[in-house]
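Structure assessment
These are the residues of each chain, in order.
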Amino acid sequence: MTSAAKITLLACAFVLAAPAAAQKLYKYTDPVTGKVVYTDKLPSDAAGKANEQLNRQGTVVKRNEAAPTPEQLTSREAERKKKLDDEMAAKEEKRKNTALLNTYSSERDIDEARARALMANDEAIKEAERKVAEVQKRQKELAAEAEFYQKKPMPRQLQQDVQSNEIALKANTDLLEAKRKETTAINAKYDEDKRRYAELVKSGVATPTAPVAAAPTPAQKR
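Here's a quick rundown of the structure. Just so you know, these numbers come straight off a predicted model, no measurement behind them.

What follows covers the packing of helix α3 (residues 107-147) against helix α4 (residues 156-203). Taken N-terminus to C-terminus, the directions of α3 and α4 make an angle of 165°; their axes are 8 Å apart at the nearest point. Taken together, α3 and α4 sit at an angle that is classed as roughly antiparallel. Of the two possible hands of crossing, α3 and α4 adopt the one that is left-handed. Each residue belonging to the contact of α3 with α4 can be placed in one class, and the counts come to 20 nonpolar, eight polar and 14 charged.

This is the structure in structure tokens:
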């Protein structure tokens, strides 16, 4: 007897024996023996395992997938998280590209913006250097005054001036160091902007404008 004939025979026998309201037949593989089992009620050891529900004719009408294992759940969660991270990264990349194209119309615009940023930072560096020099000069003056009081108590006001000067020196020195480091950060930022802009042009997303001719100088007009 073929497998299909056996299923049909079992289904028919089940239909004749079972009440009309409970005419369901399940097919599953025994997890221990590996044999195919047909039953009207799934045993506890088959709970969560893959099974098929058959109709009166022995035809599969529903397939129930096995419950996922902890490893599968972990893998699915990792895939879901990666998909969300990839989507967020794509949205952020699109946002940055849009902002870049709204800010610059050519690589020349980027170079000009870099030059302005570097010029402003250079001015800030010079100002910080000037303040550091002033504080250092004042430090020497206060040190000279303090020498007079090596063998006697230093006036409270002089003590406060020395402390205030030390605080000002540290603050301005830190500011100067930060501004010097900012030069590298500015160049890195505009290098990245220029690289991304070139990629957008290459991909066809951006269309560079033609370079604008510089206005003639008075000498050239003559």
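With four bridges connecting them, strand β3 (residues 51-54) and strand β4 (residues 60-64) associate as antiparallel partners. Bridge pairing links N51 to N64 in β4. In textbook terms, the turn of a hairpin is the stretch between consecutive antiparallel strands, and for β3 and β4 this stretch comprises five residues, one of which, G58, has a positive phi near 85°.

Note on aromatic pairs: each is described by the distance of the centres and the angle between the planes. Counted according to the given criterion, the structure contains one aromatic pair. Here the aromatic rings of F148 and Y149 are separated by 5.1 Å at their centres, their planes lie at 90°, and the arrangement is edge-to-face. By relative accessible area, F148 is classed as exposed at 55%. Lying over the aromatic face of Y190, K189 brings its terminal NZ or CZ to 4.2 Å of the ring centre.

Now for the pairing of strand β2 (residues 36-39). Here strand β1 (residues 25-29) pairs with β2 via four bridges, running antiparallel. Within the sheet, the bridge partner assigned to Y26 lies in β2 and is T39. Between the end of β1 and the start of β2, which pair antiparallel, lie six residues, with G34 showing a positive phi angle near 80°.

What follows concerns the sheet that holds β1. Backbone-to-backbone hydrogen bonds join strands into a sheet, with any given pair of strands oriented parallel or antiparallel. Read from one edge to the other, the open sheet built from four strands follows the order β2-β1-β3-β4, with strand pairing classed as antiparallel. The open sheet has two edge strands, β2 and β4, and neither has a second partner. Shown here is a sheet whose adjacent strand axes are inclined to one another by a mean of 20°, direction ignored. The sheet contact formed by β1 and β3 spans four bridges and is antiparallel. Residue pairing for β3: Y28 is matched across the bridge by N51.

With that settled, consider the pattern of salt bridges. Scanning the model with the defined rule gives 21 salt bridges in all. We note a salt bridge from R63 to E52, for which the minimum N-O separation is 3.1 Å. Here E52 lies in strand β3 and R63 lies in strand β4, a separation of 11 residues in the sequence. By relative accessible area, R63 is classed as exposed at 58%. You can call E52 buried: its relative accessible area is 19%.

Cut-offs used in this document
Residues numbered from 1 in each chain as written. Predicted model: local features only at pLDDT ≥ 70, side-chain atom pairs only at ≥ 80, totals over all residues. Heavy atoms only, no water. Axes fitted to C-alpha atoms, helices over the stretch in contact; angles between N-to-C directions. Helix = DSSP H or I, 4+ residues; strand = E, 2+ residues; numbered from the N terminus. Parallel < 35°, antiparallel > 145°, perpendicular 65-115°, else oblique. Left-handed = near helix turned anticlockwise from the far one by under 90°. Nonpolar A, V, L, I, M, F, W, Y, C, P; charged D, E, K, R; others polar. Pairing = 2+ DSSP bridges. Phe/Tyr/Trp six-rings, centres within 6.5 Å; stacked < 30°, edge-to-face > 60°. Buried < 20%, exposed > 50% of the residue type's maximum accessible area, 1.4 Å probe, protein only. Lys NZ or Arg CZ within 6 Å of the ring centre and 35° of its normal. Salt bridge = Lys/Arg side-chain N within 4 Å of Asp/Glu carboxyl O.

In short, the description is geometric, and any link to function would need to be established separately.
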